[in-house]
Amino acid sequence: MFDPALREALANVQKPGRYTGGEPGCVYKDKEKVDLRFAFCFPDTYEVGMSFLGEKILYEILNQKENWWCERVFMPWLDMKAEMERLHIPLYALESKDPLTAFDIVGFTLQYELSYTTILAMLDLGGIPFYAKERDETWPLIVAGGPCVCNAEPLADFFDMMMLGEGEEQLPQVCAVVEQAKKEGVDKQELLRRLSRIPGCYVPSFYEVSYQPDGRIQAITPREGAPAVVHKAIIKDMNRQALPTHFIVPMIGAIHDRAQVEVLRGCVRGCRFCQAGFLYRPMRERGAEMLDKAAQDLCANTGYEEVSLHSLSTSDHSQLEQVLDRMNEWMPKEHVSISLPSLRIDNFSESLIEKTTKIRKSGLTFAPEAGTQRLRDVINKNITWEEIEKTCSMAFRDGYTSVKLYFMMGLPTETMEDIEGIAETAQKIVDLYYANPDKPKGKSVQVTISVACFVPKPHTPFQFVPQDTEESLKEKQQHLLHSVRSRKIRVNYHDSSTSFLEAVFAKGDRRLAPVMVAAYRKGCYLDSWSDCFHYDRWMETFREFGIDTAFYANRFIGLDEITPWSHLDYGVSHEFLVREYKKALEAKTTQPCNRQCSGCGANLLLGGPCFEYSKDLVQ
Ligand code: SF4
């Protein structure tokens, strides 16, 4: 039962289901019988966090251990935050309703930069001091994982430890060390020393950062015996890593409320803007049998009627057709549909369309990313207009009437001609639809182009480039709107000010920590929600601290410069990133990994070659 204060708060907020827990599939344990308690914190709302596959994976892994208990914590929406503050309810975990301070480890997942101050909001609501140096061993250990750890230096002063890479094996190792340290009653410094020996574990306070007079980094110096470079943790064989089969089924709509089966991890493509593509190298697949069995178990355990085959690039799975064949044997009988959220336009075949449309026909979504071939070559998006044309014609013949295309603007070397190319690509797709003699009678086509602002990210070949200025991005957005002439084309574009802040934090360093605390105090959190984003307050705070945001977002980083993330290694060598950057400037492409290895260095993580190559594929 809820205590009276919580009951009162729930009566006064919208969507109380976000805060009650008790959904089918959540795990309860006797807290007197567990030796380690882990609060898995997602720094966004329940609906966003419950869509996140990583949390489902780690929740299941940790809770399989009888004497550990992993629970969930999400950021309350504004109304609930106000009620919790009014009624003095500390931030609590959904399962036990215990406050964050009751846990041994409080772990945040860092999925995007605009969630950073939401972490501060959650610590604040939990009554936990922000700075790691203000917390001794009587406080929970505050840790972080997820892709943004690749440069979470702006948050470095807040976290006791951060985990680079994949958590399936690493997080249980961390929990075991904390459990043992708790038994022995060791102090926090000793615990941190022990944790820093686990592969991929990074203790920021063990590294001293010094700066040059012009603001660039002078040196990053390890102490306390910490390694000079921290290497990410990786699962070598995905077929030995079980898939989660007991999702918690949310009682109020999550953004992705369906069964998710991760078919592969990593990506072979090497698109030069894509951070995930480099962080998760090399690509590793799961076998068809394992995937089919996991999908069946998940549907049986949860009652979901949609299975999403999840990955960065699902159509690159070498056995995708076999996977779909197996699933098509049982899914129609069970009224279960398949969705393939990340498809490539260049390997979307007729039979793939046939195998997915057997069950449900929806719009096609593809990401050409740039409007001209030259710019697609610059970013290494190895697709041509002929491939776009072939796939769209095939889809239209098959009865599809809507296409959604994702593009970016502000890409390195971009000109107004490339912006016009976005509109021209969409127009050519509209024309293609009307050129089809068998198009459905009375139905018109809808082409939606969604244009994001490019944010240069660490650990990519574009980490060196400055972000386009806001003025330039706004000008390009206007030019695109004027270049689109058909009502069959809908244009959505992202707000350039959120992308600017994202760039500042993506390439930021430890000097940004006090700015974040001050901005949070002024009400800046849940920044990825447009009704909560206060750009003016952010800019005012940067000015107060004398921080030049352009230094982070709009400056060219020297190819040999020490970056805030130079000591964090994800397997891809610096030399490779420089090589790829130089090739980009010449609009030269690089082959996908499964056709030809380009020597990025990530194979060293596996201890052998990433792929077996047949001679006829290698060019
Ligand atoms: S080592 Fe070669 S095949 Fe492996 S991820 Fe790097 S480029 Fe791709």
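As the structure is a computational prediction, the values presented were derived from the model and not from experiment.

**Student:** Before we go on, may I ask you to explain the sheet that holds strand 17 (residues 446-453) in this structure?
**Tutor:** Two strands in a sheet stick together by hydrogen bonds in their backbones, pointing the same way (parallel) or opposite ways (antiparallel). Spatially, the four strands line up as an open sheet ordered 15-16-17-18, and their pairing is parallel. Looking along the sheet, the strands with just one partner apiece sit at the ends: strand 15 (364-369) and strand 18 (489-493). Taking each pair of neighbouring strands and ignoring which way they run, the sheet shows an average axis angle of 20°. Contacts between helix 15 (residues 470-483) and the sheet are confined to strand 16 (402-409), strand 17 and strand 18, with strand 18 contributing the most and set at about 170° to the helix.

**Student:** What exactly am I supposed to notice about helix 7 (residues 188-195) here?
**Tutor:** One turn of the α-helix equals 3.6 residues, which is why residues spaced by three or four share an orientation. Every buried residue of helix 7 is listed here: Lys 188, Leu 191, Leu 192 and Leu 195. Down the axis of helix 7, the sector holding all buried residues measures 100°, keeping them to one side. Packing partners of the buried residues in helix 7 comprise strand 4 (141-145), strand 5 (161-163), helix 6 (167-184) and strand 6 (201-202).

**Student:** Any chance you could explain the packing of helix 13 (residues 385-397) against helix 14 (residues 416-435) here in plain terms?
**Tutor:** Two quantities define a packed helix pair, namely the angle between the helix axes and the distance between the axes. Relative to each other, helix 13 and helix 14 sit at 35°, their axes nearing to 10 Å. Regarding helix 13 and helix 14, the two cross each other, and that crossing is right-handed. Taken together, the residues of helix 14 that come into contact with helix 13 (itself represented by Trp 385, Ile 388, Glu 389, Cys 392, Ser 393 and Phe 396) are Thr 425, Lys 428, Ile 429, Leu 432 and Tyr 433. When the residues that make up the contact of helix 13 with helix 14 are grouped by side-chain class, the tally is seven nonpolar, two polar and two charged.

**Student:** Just to check I follow, could you spell out the pattern of salt bridges for this structure?
**Tutor:** Pairs can form between side chains of opposite charge once their charged atoms are near each other. On inspection of all chains with the given rule, the structure shows 43 salt bridges. Here Arg 521 ties to Asp 124 by a salt bridge, and the two come within 3.5 Å at their closest N and O atoms. Pair noted here: Arg 521 is in helix 17 (residues 513-521) and Asp 124 is in helix 5 (residues 116-125), with a separation of 397 residues, a long-range link. As a salt-bridge pair, Lys 293 and Asp 297 come within 2.7 Å of each other at their nearest N and O atoms. Here Lys 293 pairs with Asp 297, and both are found in helix 9 (residues 288-302), just four residues apart, close to one helical turn.

**Student:** Please explain the packing of helix 5 against helix 17 as it appears in this structure.
**Tutor:** Between helix 5 and helix 17, the least distance of the axes is 9 Å, while the angle of their chain directions is 65°. One way to sum up the angle between helix 5 and helix 17 is to call them roughly perpendicular. Pair helix 5 / helix 17 crosses with right-handed handedness. Contacts between helix 5 and helix 17 involve Tyr 116, Thr 117, Leu 120, Ala 121 and Asp 124 from the first element and Met 516, Val 517, Tyr 520 and Arg 521 from the second. Of the residues in the contact of helix 5 with helix 17, the class split is six nonpolar, one polar and two charged.

**Student:** Which parts of the structure should I look at to understand the domain arrangement of the protein chain?
**Tutor:** The extent of an interface is frequently quoted as the accessible surface area lost upon association of the parts. Split by domain assignment, the protein chain resolves into domain 1 (4-225) and domain 2 (234-360). The gap between the C-alpha centroids of domain 1 and domain 2 is 28 Å. Every contact between the two is made by 27 residues of domain 1 and, on the other side, 25 residues of domain 2. Looking at the side of domain 1 facing domain 2, the largest losses of area belong to Leu 53, Glu 60 and Glu 166, adding up to 28% of the total buried there. The interface formed by domain 1 and domain 2 includes three salt bridges. Notably, a salt bridge pairs Glu 166 with Arg 284, separated by 2.8 Å at the nearest N-O pair. For the pair domain 1 and domain 2, the interface holds six residue pairs in polar contact (both at pLDDT 80 or more). Secondary-structure elements contributing two or more residues to the side of domain 1 that touches domain 2 are helix 2 (46-49), helix 3 (53-64) and helix 6. For the side of domain 1 that touches domain 2, the leading source of residues is helix 3, giving six residues.

**Student:** Whenever I open this one, the site of the ligand confuses me. Can you help?
**Tutor:** In the vicinity of the ligand, the contacting residues are Arg 281, Pro 282, Cys 593, Cys 597, Ser 598, Gly 599, Cys 600, Asn 603, Cys 610 and Tyr 613. Along the lines of polarity and charge, the residues of the shell around the ligand split into six nonpolar, three polar and one charged.

**Student:** Just checking my understanding: could you explain unusual backbone geometry for this structure?
**Tutor:** Among all residues save glycine, negative phi is the norm, and among peptide bonds the norm is trans. Cis geometry marks the peptide bond from Arg 281 to Pro 282, where omega comes out at -15°. If you trace the backbone, Pro 282 turns up in the loop between helix 8 (275-279) and strand 12 (284-285). Positive phi outside glycine occurs at Lys 97, with the angle close to 70°. As for its placement among the helices and strands, Lys 97 is situated in the loop between helix 4 (78-86) and strand 3 (105-109). Positive phi is not limited to glycine here, since Ala 587 has a value of about 55°. On the secondary structure map, Ala 587 appears in the segment after helix 20 (574-585).

Conventions we followed
- Note on numbering: residues in each chain are counted from 1, in written sequence order.
- Where local features are concerned, this predicted model is filtered to residues with pLDDT of at least 70; where side-chain atom pairs are given and counted, the filter is 80 or more; whole-chain, interface and lining totals use all residues.
- The basis for the side-chain values is all heavy atoms of the structure; hydrogens and waters are excluded.
- Two strands are counted as paired when DSSP detects at least two bridges linking them.
- Secondary structure counts use DSSP, requiring at least four H or I residues in a row for a helix and at least two E residues in a row for a strand, with both numbered from the N terminus.
- Helix axes are fitted to C-alpha atoms over the stretch in contact, other axes to C-alpha atoms as well, and angles between N-to-C directions run from 0 to 180 degrees.
- Whether two residues touch is decided by their heavy atoms; if any such pair falls within 4.5 Å, the residues are in contact.
- For every residue, the accessible area obtained with a 1.4 Å probe (protein chains only) is divided by the maximum for its type, and the residue is called buried under 20%, exposed over 50%, and partly exposed between those limits.
- Starting at the helix axis, one direction is taken to each C-beta atom, and the arc is that of these directions.
- We call a crossing left-handed when the near helix sits turned anticlockwise from the far one by less than a right angle, and right-handed when that turn is clockwise.
- Under the scheme applied, nonpolar residues are Ala, Val, Leu, Ile, Met, Phe, Trp, Tyr, Cys and Pro; charged residues are Asp, Glu, Lys and Arg; polar residues are all the others, including Gly.
- By definition, a salt bridge exists where a carboxyl oxygen of Asp or Glu is found within 4 Å of a side-chain nitrogen of Lys or Arg.
- Throughout this description, any angle smaller than 35 degrees is read as roughly parallel, any larger than 145 degrees as roughly antiparallel, any in the 65 to 115 degree range as roughly perpendicular, and the remainder as oblique.
- Domain start and stop positions are those given by an automatic or database domain assignment.
- By buried area we mean how much accessible surface two parts lose on assembly, using a 1.4 Å probe and totalling the loss over both.
- In protein, a polar contact requires one atom able to donate a hydrogen and another able to accept it; more generally it is a pair of N or O atoms within 3.5 Å, and residues adjacent in sequence count only if both atoms are side-chain atoms.
- The rule for a residue being near a molecule or strand is that one of its heavy atoms must lie within 4 Å of it.

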